[in-house]
Amino acid sequence: MPHNYRNFSPQYWEEKTLAPSAVLAYVGLRRKLDVPHHNIVVNGKWEEHFNSLFGQKRWPPPSSISYYVSVRSKSDPTVCPEDREALFFLIPVAPGLRDRERELKLAWWAVQDFLGEVEDVEFLKVFGPEDFERDYHAYMGTAFGLAHTLSQTASLRPPLRNRRLRNLYHVGQYTHPGVGVPMVVISAQLVSGLILKNQKN
Ligand SMILES: Cc1cc2nc3c(=O)[nH]c(=O)nc-3n(C[C@H](O)[C@H](O)[C@H](O)COP(=O)(O)OP(=O)(O)OC[C@H]3O[C@@H](n4cnc5c(N)ncnc54)[C@H](O)[C@@H]3O)c2cc1C
């Protein structure tokens, strides 16, 4: 959008606290696993991982990462043949990081940590911060938009209606009320209500 129609300057966005990005790994496994659908693995040095997300904003050392694993095939038999498993790994990382090699290293580390051995991995696709930026135009490759800090809550969040182009509305995880599917659905409801109200006026 031309600069003179934007609500905020690039500097405004640079000063904002973004929610984390993520390294995702989609895995096809040539054997069955005895685990539940949802799995959260918290490793010993979780503070190191936490600080890398919100403090130093750097790649976490693989050995300190905590991560989430969804074994989709445990509740949906249509996603792979019955003697196999389809898994999805989510490793939170700081927004703005770009390094394919590190993404792959983190992904493989988590896969190995969870599975024990990786010989039966027949498919692995990694999706990282650069992919969020390229495929979804996510600012700094954030996976979850604008963080829910006190100074980015309620009226301190970017508004739903553009201040300069009055027929332009904003919706989703960078605006009201916040991040996550239920929130962005409410955001859409709020915007549609606002449009109807402003049209009547
Ligand atoms: C891996 C992951 C797991 C998650 N898990 C959960 C969960 O379990 N529960 C939960 O509640 N939330 C979860 N979330 C968060 C939730 O998905 C997001 O908060 C929500 O989808 C954001 O919705 P949105 O409409 O703001 O943005 P998006 O869903 O990112 O949609 C924006 C769309 O706009 C398109 N776009 C961007 N720029 C342009 C352009 N210039 N022209 C045209 N189109 C454009 C993008 O391609 C995209 O399709 C998760 C997010 C991720 C990444």
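Anything mentioned here points back to the structure above.
In this report, we go over the structure that sits alongside the text.

Criteria and thresholds
Residues numbered from 1 in each chain as written. Predicted model: local features only at pLDDT ≥ 70, side-chain atom pairs only at ≥ 80, totals over all residues. Heavy atoms only, no water. Helix = DSSP H or I, 4+ residues; strand = E, 2+ residues; numbered from the N terminus. Buried < 20%, exposed > 50% of the residue type's maximum accessible area, 1.4 Å probe, protein only. Contact = heavy atoms within 4.5 Å. Areas by Shrake-Rupley, 256 points an atom, 1.4 Å probe, with all protein chains shown as cover. Lys, Arg positive; Asp, Glu negative; His and termini not counted. Charge placed at Lys NZ, Arg CZ, Asp CG, Glu CD. 1 Å grid on protein atoms, 1.4 Å probe; cavity = no way out; pocket = protein on both sides within 12 Å on 5 of 7 lines; lining within 4 Å. Points joined across faces, edges and corners; volume = space filled by probe spheres on them. Nonpolar A, V, L, I, M, F, W, Y, C, P; charged D, E, K, R; others polar. Salt bridge = Lys/Arg side-chain N within 4 Å of Asp/Glu carboxyl O. Phe/Tyr/Trp six-rings, centres within 6.5 Å; stacked < 30°, edge-to-face > 60°. Pairing = 2+ DSSP bridges. Near = heavy atom within 4 Å. Polar contact = N/O pair within 3.5 Å; in protein donor to acceptor, adjacent residues only side chain to side chain. Domains from an automatic or database assignment. Expected span 1.5 Å × (residues − 1). Arc of directions from axis to C-beta.

### Description of the overall build of the protein
Tallying secondary structure elements over the protein gives five helices and five strands in all. When the helices and strands of the protein are listed from N to C terminus, the series reads α-β-β-α-β-β-α-β-α-α. Overall, the C-alpha framework of the protein stretches about 65 × 40 × 30 Å when taken along its three principal axes. For the protein, buried positions account for 39% of its 201 residues. Expressed as a percentage of contacts within the protein between residues at least 6 apart in sequence, the contacts between residues at least 24 apart total 68%. Here the protein displays about 11700 Å² of accessible surface, and carbon together with sulfur accounts for 57% of that area. Taken as two groups, the 24 positive and 21 negative side-chain charges of the protein have centres that lie 14 Å from each other.

### A few points about the layout of surface pockets
As a volume, the largest pocket reaches approximately 490 Å³. Considering the residues around the largest pocket, the lining is formed by 17 residues, among which Met-1, Phe-8, Trp-13, His-170 and Tyr-174 are closest to the centre. Of the residues in the lining of the largest pocket, the class split is 10 nonpolar, six polar and one charged.

### Considering the pattern of salt bridges
One pass over the full model with this rule turns up 14 salt bridges. With a shortest N-O distance of 3.6 Å, Arg-84 and Asp-83 are connected by a salt bridge. A relative accessible area of 22% places Arg-84 in the partly exposed class. Two residues, Glu-130 and Arg-100, come together in a salt bridge whose shortest N-O distance is 3.9 Å.

### What to know about the packing of aromatic side chains
The full count for this structure, using the stated rule, is 13 aromatic pairs. Consider the rings of Phe-8 and Trp-13, whose centres lie 6.1 Å apart with planes at 85 degrees: the pair is edge-to-face. Classification of Phe-8 by relative accessible area gives buried; the value is 16%. The interplanar angle of 80 degrees and the centroid separation of 6.0 Å between the aromatic rings of Trp-46 and Phe-50 together place this pair among those described as edge-to-face. In this pair, Trp-46 and Phe-50 both sit in helix H2 (residues 46-54), four residues apart, roughly one turn of the helix. Of the aromatic side chains, those joined through ring pairs into one cluster are Phe-8, Tyr-12, Trp-13, Tyr-139 and Tyr-174.

### Describing the pairing of strand E1 (residues 21-29)
Of all the nine residues making up E1, eight are buried; the element is thus mostly covered by neighbouring parts of the structure. Relative to strand E4 (residues 85-93), E1 is paired through nine bridges, and the arrangement is antiparallel. Directly across from Ala-25, in E4, lies its bridge partner Phe-89.

### Re the environment of Cys-80
Take Cys-80: it is sitting in the loop between strand E3 (67-71) and E4. Each C-alpha atom, one on Cys-80 and one on Leu-29, is 9.3 Å from the other, the two residues being 51 residues apart in sequence.

### Description of the site of the ligand
Around the ligand, the surrounding shell holds 15 residues, and the nearest of these are His-137, Gly-172, Gln-173, Gly-180 and Val-181. In this structure, His-137 approaches the ligand through a side-chain N or O atom, which is 2.9 Å from a nitrogen atom. Within the backbone of Val-181, a nitrogen or oxygen atom sits 2.8 Å from an oxygen atom of the ligand. Contributing elements (two or more residues each) for the shell around the ligand: helix H4 (129-136) and helix H5 (181-200). Taken together, the residues that form the shell around the ligand break down as 10 nonpolar, four polar and one charged. Taken domain by domain, the makeup of the shell around the ligand includes at least three residues from each of domain 1 (3-15 + 146-200) and domain 2 (21-136).

### Description of helix H3 (residues 100-115)
The end-to-end C-alpha separation of H3 is 22 Å, in line with the 22 Å expected for 16 residues at 1.5 Å each. The complete set of buried residues in H3 reads Glu-103, Leu-106, Ala-107, Ala-110, Val-111, Phe-114 and Leu-115. Down the axis, H3 shows its buried residues gathered within 145 degrees of arc, on one side only. Seen from the buried face of H3, the exposed residues on the opposite side, beyond 90 degrees, are Glu-101 and Lys-105. On the buried face of H3, the contacting elements are E1, strand E2 (38-41), E3, E4, strand E5 (121-127) and H4. At the N-terminal boundary of H3, the capping side chain belongs to Asp-99, with an oxygen 3.1 Å from the backbone nitrogen of Glu-101. Of the residues flanking the end of H3, it is Gly-116, one or two places downstream, whose phi is positive at about 85 degrees.

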